[in-house]
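Chain residues, written in single-letter form:
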Amino acid sequence: MGTYDVVIMGAGPAGLTAGIYASRARLSVAIIERMAPGGQAATTIRIDNYPGFPDGIEGPELMARMEQQARKFGAEMIPAEVQSIGQAAAGAARFTVSTTGGEIGARAIIVATGTREKPLGVPGEQEFRGRGVSYCATCDGAFFRDKKVAVIGGGDSAVTEAIFLTRLASSVTVIHRRDALRANKYLQEKAMANPKLRFLWDTVVTSIDGAGQVERLGVRNVKTGEASSVEADGVFVYIGFLPNTAFLGGLVNLDAAGYVVADDMMRTPVEGIFVAGDVRSKQLRQVATAVGDGAVAAVSVERYLTGTL
Ligand code: NAP
């Protein structure tokens, strides 16, 4: 499939921004994405804190604009999944990227593969996936119009999506394992002011049950130990994410949680491999920080390729 100055893995905010900057720097750029471009940001109904949009912007629209901008400057989008990265001996391309669509040569690489949803790991979760169990309210919320849903988790994602679901579902119950939300204060205030949201504190889900589709959740209060059940037609799991790094093998350093470690120029210890966005080991995972990472990674690649980094 040819050789590129830089192969960017992942077309979320970090990858697309890197694509915009690298293409504008007149590098040849391929962005490999296994799903639809846009990453997780494209599955978020509304993004309220991305600067420049005081009334918020829908995630799919923001990401479609980023993709359009990357393509406009010349980035090529390749729909495939990266399987592994090989380091070539001396030659034109320093790396060979194996993908489900074939091999691609790369002089430099930006890993921007983001994260995937963390599963709950309770009985019924796999069985009812797509039959009441979902990890994407934007994608599946409409199936639960005027029905009862539960949202698991207490972070920004759980609360954002629970608020969104109140527009569709007849009732939304947030089930959180502690008695305080992790979500930011702004979201907490919005959630507490929403009459359709109900909170079940100090509670963990022990099973997802039903006949053919989700009907109820088995739950347990972690303080009293009391077990009970919650009626729900749908359950949205938002308990955090896991980094997408399997294809990296042992090539780069990972932190204890499995995220890729890099310096502030997005360099990994492997010359020519850079990282950007949620897959990077860092404190804050937001569209704004992913965009910043992507810009820095692209400039680092440009400097690396011209011997000025
Ligand atoms: P998160 O911040 O890691 O929160 C995960 C939540 O799930 C926590 O409340 C956690 O409980 C709970 N949890 C974790 N494992 C669990 C388990 N096994 N069983 C039950 N509950 C469990 O994840 P997130 O909310 O998806 O956010 C990820 C990143 O994206 C964050 O950096 C966040 O700021 C960002 N984000 C931002 C926005 C926004 O700004 N609007 C929107 C979405 C995401 P504990 O609190 O007890 O640990």
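Just above, that's the structure.
All values reported here derive from a predicted model rather than from experimental measurement.

Draft legend 1. The arrangement of the site of the ligand in detail. Taken together, the neighbourhood of the ligand is formed by 18 residues, with D156, S157, R178, R182 and F241 sitting nearest. Within the complex, the protein chains bury 75% of what would otherwise be the 910 Å² of accessible surface of the ligand. The element contributing the most residues to the shell around the ligand is helix α4 (residues 156–165), with three residues. Here the residues of the shell around the ligand are counted per class, giving three nonpolar, nine polar and six charged.

Draft legend 2. Looking closely at the pairing of strand β12 (residues 203–209). In this sheet, strand β13 (residues 216–221) lies alongside β12 in antiparallel orientation, the contact comprising six bridges. Residue pairing across strands places D209 opposite R216, the latter belonging to β13.

Draft legend 3. A look at the sheet that holds strand β8 (residues 133–134). Within the open sheet, the five strands sit side by side as β8-β15-β9-β10-β11. Their pairing is parallel. In this open sheet, the two edge strands, each paired with only one partner strand, are β8 and β11 (197–200). Those strands touched by α4 are β9 (148–152), β10 (171–175), β11 and β15 (234–237), and its axis lies near 170° from that of β9.

Draft legend 4. Quick look at the nonpolar core. One finds I31 and I110 to be the most contacted residues of the largest nonpolar core, which totals 35 residues. At the level of elements, β1 (3–9), α1 (13–24), β2 (29–33), α2 (59–72), β6 (102–111) and α6 (287–305) are the ones that each hand at least two residues to this core. The greatest single-element share of this core, amounting to eight residues, is contributed by α6. Apart from the residues lying within four places of it in its own chain, the contact partners of I110 are V6, V7, I8, M9, A18, F274, A276, A297, A298 and V301. Residues A30, A80, I109 and F247 belong to the second largest nonpolar core, which totals 24 residues.

Draft legend 5. Expanded view of the packing of α1 against α2. Following both chains from N to C, one finds α1 and α2 inclined at 25°, their axes separated by 8 Å at the closest point. Relative to α2, the element α1 lies roughly parallel. In the crossing of α1 with α2, the sense of the turn from one axis to the other is left-handed. Residues P13, L16, T17, G19, I20 and S23 of α1 touch α2, and the partners they reach there are M63, M66, E67, Q69 and A70. Partitioned by chemical class, the residues of the contact of α1 with α2 number six nonpolar, four polar and one charged.

Calculation rules
Residues numbered from 1 in each chain as written. Predicted model: local features only at pLDDT ≥ 70, side-chain atom pairs only at ≥ 80, totals over all residues. Heavy atoms only, no water. Near = heavy atom within 4 Å. Areas by Shrake-Rupley, 256 points an atom, 1.4 Å probe, with all protein chains shown as cover. Helix = DSSP H or I, 4+ residues; strand = E, 2+ residues; numbered from the N terminus. Nonpolar A, V, L, I, M, F, W, Y, C, P; charged D, E, K, R; others polar. Pairing = 2+ DSSP bridges. Contact = heavy atoms within 4.5 Å. Axes fitted to C-alpha atoms, helices over the stretch in contact; angles between N-to-C directions. Core = buried A, V, L, I, M, F, W, Y, C linked by side-chain atoms within 4.5 Å. Buried < 20%, exposed > 50% of the residue type's maximum accessible area, 1.4 Å probe, protein only. Parallel < 35°, antiparallel > 145°, perpendicular 65-115°, else oblique. Left-handed = near helix turned anticlockwise from the far one by under 90°.

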